[in-house]
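# Inside the fold
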Amino acid sequence: MTYSVQFEDLWPSIRVSLLSEQKYGALVNNFADWDCVSARLEQLNAKDFVSEAISHWELEAQSGHSAAPSPAYSPNLRCFTFARGDVSRFPPSRLGSLGVMDYYLMDAASLLPVLALGLHPGDTVLDLCAAPGGKTLALLQTLCCGNLAANDLSTSRTGRLQKVLQSYVPQDIREKNQVRVTSWDGRKWGELEGDTYDRVLVDVPCTTDRHSLYEEENNIFQRSRKKERQMLPMLQVQLLAAGLLATRPGGHVVYSTCSLSHLQNEYVVQGTIELLANQYSIRVQVEDLSHFRKLFMDTFCFFQSCQVGELVLPNLMANFGPMYFCKLHRLT
Amino acid sequence: VLNLHRQIPLTWVCLAKLMPHLGEQKRTAVSLFRKLTTTSNGEGLEELPLIGSKKHVQELKCRADLVHCLPEKQRLSVDGGPLTLEKVVCSLLHMGFSDAHINELLSIQPHASPQQLLDVISEFILLGVNPEPVYVALKKSPQLLKMPVGQIKKRSSYLRKLGLGEGKLKRVLHSCPEIFTMRQRDIDDVIQVLKEKCLFTMQQVTEILHRCPNVLQGNPSELEYKFQYAYFRMGIKHVDIVRTEFLKYSLTKIKQRHIYLERLGRYQTPDKKGQTQIANPLLKDILRVPEAEFLAKTACSSAEEFVVFKKLLAREEEEEPESSTSTEEEEEEEGEEEELC
């Protein structure tokens with residue numbers, strides 16, 4: 001696998017990061033004793049990167065340095081990370097006094113698509129490729145889900161997703177949020193629940209580059225799996241199209257992958273927009289996330305040359321990602 | 001017949017040795033030695049001015065006075081008396097030692113006989129080591145002076161057989177003076193690893209001992225591991241291992257720099273045919289250059305990233321040490337999508 005053409009001089013430092021231990025964030029469970037959990041995480045010398053980013057922005061705004069309004073982001077998300085260059089690890093999550101786990105360890109970059117989706121209280125939300133559940137959990141943590149539909153094609157993976165929800169979210173909340181878990185084919189959602197959702201997350205299956213690079217030859221990049229690899233963008237287009245069709249006009253979709261490849265990222269977004277225009281006469285607009293990116297650039301290393309969307313690059317100083325995400329607005 | 005010019009340094013060297021025992025009345029003598037310090041590590045020792053021959057008569061008179069002034073006890077306390085000391089000093093001068101060095105050497109082991117000192121030093125000189133390096137080695141490792149001469153002779157003869165005579169011994173003596181004090185068996189173990197496990201030729205073994213004397217200090221199985229790392233993991237041939245003095249670098253440093261380059265995509269282990277898809281950097285640009293240059297020119301990476309990498313690597317090593325053989329055979333594995341997706 002080589003992205004040296006796509007990334008040129010950036011590739012070696014991305015590569016060494018992909019092959020080295022990745023960095024985690026601790027997503028605080030708002031259904032646990034969250035301020036206690038936060039205090040404990042702070043004692044470890046970690047910081048909530050979301051609140052840090054917001055305070056930094058507000059400071060800039062006050063001092064007149066930044067004229068732009070604060071970009072939209074989903075509320076109530078608290079995720080702790082260690083500082084740049086700090087390779088400390090979080091202790092494993094524990095069961096708290098309220099009977100649920102205190103935090104969820106995940107790649108902090110995975111939180112960005114959920115933040116970017118910009119949930120509002122009471123939104124109906126669809127997570128089209130939900131397993132194993134990190135982002136689904138994050139959606140619930142925003143406390144904005146009037147309804148949450150979580151789906152994944154694989155039944156074994158939805159099993160894992162259920163376990164995550166059970167360990168982190170109390171039963172009454174799960175019922176109140178009308179959390180529905182299904183194992184259907186995501187590509188069919190346009191027909192199943194067209195024009196329904198306020199917010200849709202389409203976190204597609206991809207080549208999971210970080211893990212593919214470890215076992216150099218035995219993975220999706222090997223020749224015998226070439227067809228599978230070539231089919232992937234097509235599958236991704238179909239899933240994104242379904243997600244858009246399931247969004248109500250005026251609603252928003254975030255498309256995300258953990259791949260570096262623009263064939264799975266920008267090309268899929270652009271291809272799907274075209275598809276929807278041509279086949280369905282539906283207009284979809286890409287939303288500019290550059291202010292959103294600036295909000296978080298102290299924590300993450302972003303690629304500066306995406307045609308559409310944003311891409312978090314792994315770097316030894318901040319070994320998160322890869323994470324590509326793009327926000328779409330369904331106009332019609 | 002000693003030439004008069006030579007007499008003069010002899011004089012003040014002797015006097016220097018005897019100085020601590022003399023009292024205030026010898027201030028004239030003292031003034032001749034104004035810059036003299038004789039700390040055992042030689043700190044602050046500066047070159048003493050050579051005394052011109054005009055003062056010679058004055059010196060001799062002074063010296064005679066001093067000898068007379070010595071309490072009986074002290075006149076005899078130096079083994080064999082001042083005369084033997086003179087002989088030794090004289091011989092050392094002939095060998096080419098400077099006055100300052102001689103003075104220091106004499107004070108390293110004040111209780112050892114000057115004869116012992118001379119015998120030990122002579123062996124080193126005979127092995128082709130120059131005075132300056134001998135001095136440095138003895139200062140660094142004073143225990144060498146305590147060794148029985150017989151042992152030194154025996155070891156010298158062995159080292160000559162290994163091909164480490166004729167001046168090749170200098171570096172070894174400096175960084176690894178234990179080559180004289182260590183057990184024969186321990187040297188044999190190292191040589192055995194190099195010859196029989198690593199399959200170096202005897203000539204290569206000599207060259208390695210000469211250029212990387214530290215191999216004698218480590219343990220033989222670590223040495224073998226280091227060789228295997230070079231040969232299998234990095235694909236370096238015997239000739240190049242010797243030529244680049246690979247074995248003198250610490251395994252930590254080797255792994256840090258090599259694995260960093262490998263993960264950056266800048267170093268590939270050659271395949272069975274010895275080929276790589278990219279041109280690997282020269283070994284000297286990997287190991288010999290200082291870190292700043294390594295980062296700027298070879299790795300083309302930043303210092304802060306390397307710092308983090310070293311921490312991560314140390315942790316990896318602690319948790320799952322790398323095997324010394326070549327990277328694992330490609331395996332068929334179902335790619336499971338990870339929790340964190």
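Residues numbered from 1 in each chain as written. Chains lettered and ligands numbered in written order. Predicted model: local features only at pLDDT ≥ 70, side-chain atom pairs only at ≥ 80, totals over all residues. Heavy atoms only, no water.

Tallying secondary structure elements over chain A gives 13 helices and twelve strands in all. The globule rule puts the C-alpha radius of gyration for 332 residues at 20 Å, and the 19 Å found for chain A is close to it. Each principal axis of the C-alpha distribution contributes one length, and for chain A these read about 50 × 50 × 45 Å. Counting across all 332 residues of chain A, residues that qualify as buried make up 58%. For chain A, the proportion of contacts with a sequence separation of at least 24, taken over those separated by at least 6, is 77%. Accessible surface for chain A amounts to roughly 13,800 Å². Of this, 51% is attributable to carbon and sulfur atoms. (Helix = DSSP H or I, 4+ residues; strand = E, 2+ residues; numbered from the N terminus. Rg over C-alpha atoms; globule rule 2.2 N^0.38 Å. Buried < 20%, exposed > 50% of the residue type's maximum accessible area, 1.4 Å probe, protein only. Contact = heavy atoms within 4.5 Å. Areas by Shrake-Rupley, 256 points an atom, 1.4 Å probe, with all protein chains shown as cover.)

Turning next to the sheet that holds strand S1 (residues 25-28) of chain A. Read across the open sheet, the four strands follow the order S2-S3-S1-S4 (chain A); overall the sheet is antiparallel. A single partner strand is all that each edge strand has here, and the edge strands are strand S2 (47-48) and strand S4 (103-106) of chain A. (Pairing = 2+ DSSP bridges.)

What follows is about the environment of Ala149 of chain A. All names here are of chain A. Along the chain, Ala149 turns up in strand S6 (residues 145-151). Ala149 sits 31 residues away from Arg180 along the chain, and the two C-alpha atoms are 4.8 Å apart. Setting aside chain neighbours within four positions, we find Ala149 in contact with Val125, Leu126, Asp127, Arg180 and Tyr197.

Looking now at helix H13 (residues 202-211) of chain B. All buried positions along H13 of chain B are accounted for by Gln204, Val205, Thr206, Ile208, Leu209 and His210 of chain B. Residues of H13 of chain B that are buried make contact with helix H10 (169-175), helix H12 (184-197) and helix H15 (238-243) of chain B.

Quick look at the nonpolar core now. With 83 residues, the main nonpolar core has Phe180, Leu216 and Tyr260 of chain B as its most contacted residues. Contacts of Leu216 of chain B, omitting those with residues within four sequence positions, involve Val172, Cys176, Ile179, Met182, Ile187, Val190 and Leu209 of chain B. (Core = buried A, V, L, I, M, F, W, Y, C linked by side-chain atoms within 4.5 Å.)

Time to look at unusual backbone geometry. Residue and element names in this part refer to chain A. Looking along the chain, the bond that leaves Ala131 and enters Pro132 is cis, with omega of 0 degrees. Within the secondary structure, Pro132 sits in the loop between strand S5 (123-127) and helix H6 (134-141). Each neighbour pair has its own omega, and for Gly321 with Pro322 the value is 5 degrees, a cis peptide bond. As for its placement among the helices and strands, Pro322 is situated in the loop between strand S11 (310-312) and strand S12 (323-330). Of note in the backbone geometry, Leu143 takes a positive phi value of approximately 65 degrees without being a glycine. Residue position: Leu143 is located in the loop between H6 and S6.

On to the pattern of salt bridges, then. For the structure on display, the rule yields 28 salt bridges over all chains. The salt bridge partner of Arg199 of chain A is Asp123 of chain A, with a shortest N-O separation of 2.9 Å. Here the residue Arg199 of chain A occupies a position in strand S8 (residues 197-203), and Asp123 of chain A occupies one in strand S5, the gap between them amounting to 76 residues. Accessibility assignment for this pair places Arg199 of chain A and Asp123 of chain A in one class, buried. One salt bridge in this structure joins Asp152 of chain A and Arg157 of chain A, with 3.6 Å as the shortest N-O distance. Through salt bridges with shared partners, one network takes in Glu21 and Arg89 of chain A together with Arg315 and Glu319 of chain B. (Salt bridge = Lys/Arg side-chain N within 4 Å of Asp/Glu carboxyl O.)

It is worth spelling out the side chain of Ser13 of chain A at this point. Here Ser13 of chain A shows up in helix H2 (residues 11-18). Look past the residues within four positions of Ser13 of chain A in its chain and what remains in contact with it is Pro314 and Asn315 of chain A together with Leu264 and Glu305 of chain B.

Quick look at empty space enclosed by the protein now. Residue and element names in this part refer to chain B. Counted by the stated rule, this structure contains three cavities of 30 Å³ or more. Its boundaries defined by the atoms lining it, the second largest cavity holds a volume of some 70 Å³. Along its surface, the second largest cavity is lined by ten residues, and Leu106, Gln109, Ala112, Ser113 and Leu117 are the ones closest to its centre. When residues of the lining of the second largest cavity are traced back to their parent elements, those giving at least two are helix H6 (99-108) and helix H7 (114-126). A class-by-class count of the residues in the lining of the second largest cavity yields seven nonpolar, two polar and one charged. (1 Å grid on protein atoms, 1.4 Å probe; cavity = no way out; pocket = protein on both sides within 12 Å on 5 of 7 lines; lining within 4 Å. Points joined across faces, edges and corners; volume = space filled by probe spheres on them. Nonpolar A, V, L, I, M, F, W, Y, C, P; charged D, E, K, R; others polar.)

We now examine a negative patch on the surface. All names here are of chain A. Taken together, Glu42, Glu52, Glu60 and Asp298 make up a surface patch of like negative charges. Residue placement: Glu42 occurs in helix H3 (residues 34-43). Here Glu42 falls in the exposed class, since its relative accessible area comes to 53%. (Patch = residues over 30% accessible without salt bridge, like charges linked within 9 Å, V, L, I, M, F, W, Y side chains within 5 Å. Lys, Arg positive; Asp, Glu negative; His and termini not counted. Charge placed at Lys NZ, Arg CZ, Asp CG, Glu CD.)

Attention now moves to the pairing of S5 of chain A. Residues and elements named next belong to chain A. Among the five residues of S5, five are classified as buried, and the element is accordingly described as predominantly covered. On S5, burial covers both faces: Asp123, Val125 and Asp127 on one face and Thr124 and Leu126 on the other are all buried. Two elements, S5 and S6, share five bridges in a ladder whose sense is parallel. Note that in S6 the partner of Val125 across the bridge is Leu148.

With that out of the way, let us pick up the packing of helix H11 (residues 226-245) of chain A against helix H12 (residues 266-280) of chain A. Residues and elements named next belong to chain A. Packing of H11 against H12 brings their axes to within 9 Å, and their N-to-C directions diverge by 55 degrees. Classed by the angle they form, the pair H11 and H12 counts as oblique. Of the two elements, H11 crosses H12, and the hand of that crossing is right-handed. Contacts between H11 and H12 pair Pro233, Gln236, Val237, Leu240, Ala241, Leu244 and Leu245 from the former with Val268, Val269, Thr272, Leu275, Leu276 and Tyr280 from the latter. In terms of residue class, the contact of H11 with H12 is made up of eleven nonpolar, two polar and no charged. (Axes fitted to C-alpha atoms, helices over the stretch in contact; angles between N-to-C directions. Parallel < 35°, antiparallel > 145°, perpendicular 65-115°, else oblique. Left-handed = near helix turned anticlockwise from the far one by under 90°.)

For the rest of this paragraph, the subject is the packing of aromatic side chains. Across all of its chains, the model carries 22 aromatic pairs over all chains by this definition. Taken together, a centroid distance of 5.6 Å and an interplanar angle of 70 degrees make the contact between Tyr3 of chain A and Trp11 of chain A edge-to-face. Each member of the pair, Tyr3 of chain A as well as Trp11 of chain A, carries the same accessibility label: buried. A ring pair is formed by Phe200 of chain B and Phe227 of chain B, whose centres lie 5.4 Å apart and whose planes are at 70 degrees; its orientation type is edge-to-face. With Phe200 of chain B in the loop between H12 and H13 and Phe227 of chain B in helix H14 (residues 220-233), this residue pair connects regions lying 27 residues apart in the sequence. One exposure class covers both Phe200 of chain B and Phe227 of chain B, and it is buried. (Phe/Tyr/Trp six-rings, centres within 6.5 Å; stacked < 30°, edge-to-face > 60°.)

Okay, the confidence of the model for chain B next. Residue and element names in this part refer to chain B. Counting all residues, the mean pLDDT for chain B is 76, and 70% of those residues have values of 70 or more. Confidence over residues 1-78 falls short of pLDDT 50; this stretch has 72 contacts with residues more than four positions distant or in other chains. Every residue in residues 324-341 is under pLDDT 50, and counting partners more than four places away or in other chains gives 37 contacts. At the level of chain-chain contacts, confidence expressed as ipTM amounts to 0.91, with global pTM at 0.80. (pLDDT = per-residue confidence, 0-100.)

Residue and element names in this part refer to chain B. Positionally, Leu106 belongs in helix H6. The class of Leu106 is buried, set by a relative accessible area of 8%. C-alpha of Leu106 to C-alpha of Val89: the two residues are 17 residues apart in sequence and 9.0 Å apart in space.

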